[in-house]
Amino acid sequence: MIRPVGFRMNEQTAVNNYFQEELEINNTEINRKAQQEFDAFVAVLRDNGIEVIVIEDTKEPDTPDSIFPNNWVSFHANGTVAIYPMFAENRRKERREDIFDILEENGFRIDNILDYTSAEEKGLFLEGTGSILKDRVHQKAYCALSERAHEELFIEFCGDFDCFPVIFTANQTVNGERLPIYHTNVMMAMAEDFAVICLDAIDDKRERKDVVGHLKNDGKEIIAITEVQMHHFAGNMLQVIGANDQRFMVMSSAAFKSLRPDQIEAIQAHCDIIHSPLDTIETCGGGSARCMMAEVFLPKA
């Protein structure tokens, strides 16, 4: 997780991230509030026995979205690190090789780096686990296509990581118009035994049926959320493992408060829930709890 030093609303991502909103306070105050939310979130995770490696952001270069590292990098159980092509030019500056050194210092092993960033020269993008939802149990990967998730790159990723691709389009209503959702992980969360998903966002009935079919065939319980709940980041969750192999579903407090009792009960039938307030980060950044965590599956050295 990357602790921010210059967090603010990123004007370069706001062009197609319709979850972002402006706050009428200055950027210094926005960053201060974001740091408070970040620190409280990390504390809650650690209190539940979840190992968190916190890396301080740097003031230069200017990276207002560095708090969301899962978009530029992913760490895999076979010792591979993947680096992704980013839509916003200022987000490309978030990529830091020193983070790999820090992980190795923490006992992880990196054997290979797959770098997809040359696709930026062609105007093609695939923003990490924002764009890609892996079902590691069944070796499948789900992707909602958008300006930030190109189909050819996604298929290339699936070939490299031996995943079956499940491709669809997800939309949201913006000023009365249906427009693509920028990242898959704001409308869908994949856990070991269940999936939280906004099926209402998949307008094409055949695509919706295909996604549901894959989830059901793999024995996943489908916990459907509404588009209103999605806009409270109820799709932006991540299942993590704490001490004694205990599973948790991590989300923001806004996401938790948006859930109905039956939805909470359905999640808690599989694992406990952790939530923390992330209001400033969600409002200005257009991302939430899941986006803030770049999970590390790398083998131990």
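Before reading further, recall that the structure is shown in the block above.
Residues numbered from 1 in each chain as written. Predicted model: local features only at pLDDT ≥ 70, side-chain atom pairs only at ≥ 80, totals over all residues. Heavy atoms only, no water.

1. Thoughts on the state of the cysteines
So, point 1. Taken as a whole, this structure holds zero disulfides when the rule is applied.
So, point 2. Cys163 supplies the cysteine sulfur nearest to Cys158, a cysteine that is in no disulfide, at a spacing of 5.4 Å.
So, point 3. Assessed through its relative accessible area of 3%, Cys158 is described here as buried.
So, point 4. Sulfur of Cys284: no disulfide; nearest cysteine sulfur belongs to Cys291 and is 14 Å away.
So, point 5. For Cys284, a relative accessible area of 0% translates into the label buried. (Disulfide = S-S within 2.5 Å. Buried < 20%, exposed > 50% of the residue type's maximum accessible area, 1.4 Å probe, protein only.)

2. Concerning a negative patch on the surface
So, point 1. Residues Glu97, Asp101, Glu104 and Glu105 make up a contiguous surface patch of negative charge.
So, point 2. Within the fold, Glu97 resides in the loop between β4 (80-83) and α2 (98-105).
So, point 3. Note on Glu97: relative accessible area 64%, which makes it exposed. (Patch = residues over 30% accessible without salt bridge, like charges linked within 9 Å, V, L, I, M, F, W, Y side chains within 5 Å. Areas by Shrake-Rupley, 256 points an atom, 1.4 Å probe, with all protein chains shown as cover. Salt bridge = Lys/Arg side-chain N within 4 Å of Asp/Glu carboxyl O. Lys, Arg positive; Asp, Glu negative; His and termini not counted. Charge placed at Lys NZ, Arg CZ, Asp CG, Glu CD. Helix = DSSP H or I, 4+ residues; strand = E, 2+ residues; numbered from the N terminus.)

3. Considerations on the sheet that holds strand β11 (residues 188-190)
So, point 1. Strands sit in the order β11-β12-β13 across an open sheet of three strands; the sheet is mixed. Looking at strand neighbours, the two that pair on one side only are β11 and β13 (221-224), the edges of this open sheet. Neighbour to neighbour, the strand axes of the sheet diverge by 15° on average, direction disregarded.
So, point 2. Contacts from helix α5 (residues 205-217) reach β11, β12 (194-197) and β13, with the element oriented near 135° to β13.
So, point 3. The sheet contacts of helix α8 (residues 261-268) involve β12 and β13, and relative to β13 the element is tilted by about 150°. (Pairing = 2+ DSSP bridges. Axes fitted to C-alpha atoms, helices over the stretch in contact; angles between N-to-C directions. Contact = heavy atoms within 4.5 Å.)

4. Focus: the side chain of Thr129
So, point 1. Residue position: Thr129 is located in helix α3 (residues 128-131).
So, point 2. According to the relative accessible area criterion, Thr129 is buried, its value standing at 11%.
So, point 3. A polar atom in the side chain of Thr129 sits 3.0 Å from the side chain of Asn70.
So, point 4. Residues in contact with Thr129, not counting those within four places in the same chain, are Asn70, Ser74, Asn185 and Arg290. (Polar contact = N/O pair within 3.5 Å; in protein donor to acceptor, adjacent residues only side chain to side chain.)

5. A closer look at the layout of surface pockets
So, point 1. By volume, the largest pocket amounts to about 1100 Å³.
So, point 2. Together, 42 residues line the largest pocket, and Leu238, Val240, Glu295, Val296 and Phe297 are the ones closest to its centre.
So, point 3. Of all the secondary structure elements, the ones that give two or more residues to the lining of the largest pocket are β3 (73-75), α2, β6 (132-135), β11 and β14 (238-241).
So, point 4. By residue class, the composition of the lining of the largest pocket is 29 nonpolar, three polar and 10 charged.
So, point 5. The calculated volume of the second largest pocket comes to roughly 200 Å³.
So, point 6. Taken together, 11 residues form the lining of the second largest pocket, with Phe19, Glu21, His231, Phe233 and Thr283 sitting closest to its centre.
So, point 7. The element that contributes the greatest number of residues to the lining of the second largest pocket is helix α9 (residues 279-285), accounting for three residues.
So, point 8. A class-by-class count of the residues in the lining of the second largest pocket yields four nonpolar, four polar and three charged. (1 Å grid on protein atoms, 1.4 Å probe; cavity = no way out; pocket = protein on both sides within 12 Å on 5 of 7 lines; lining within 4 Å. Points joined across faces, edges and corners; volume = space filled by probe spheres on them. Nonpolar A, V, L, I, M, F, W, Y, C, P; charged D, E, K, R; others polar.)

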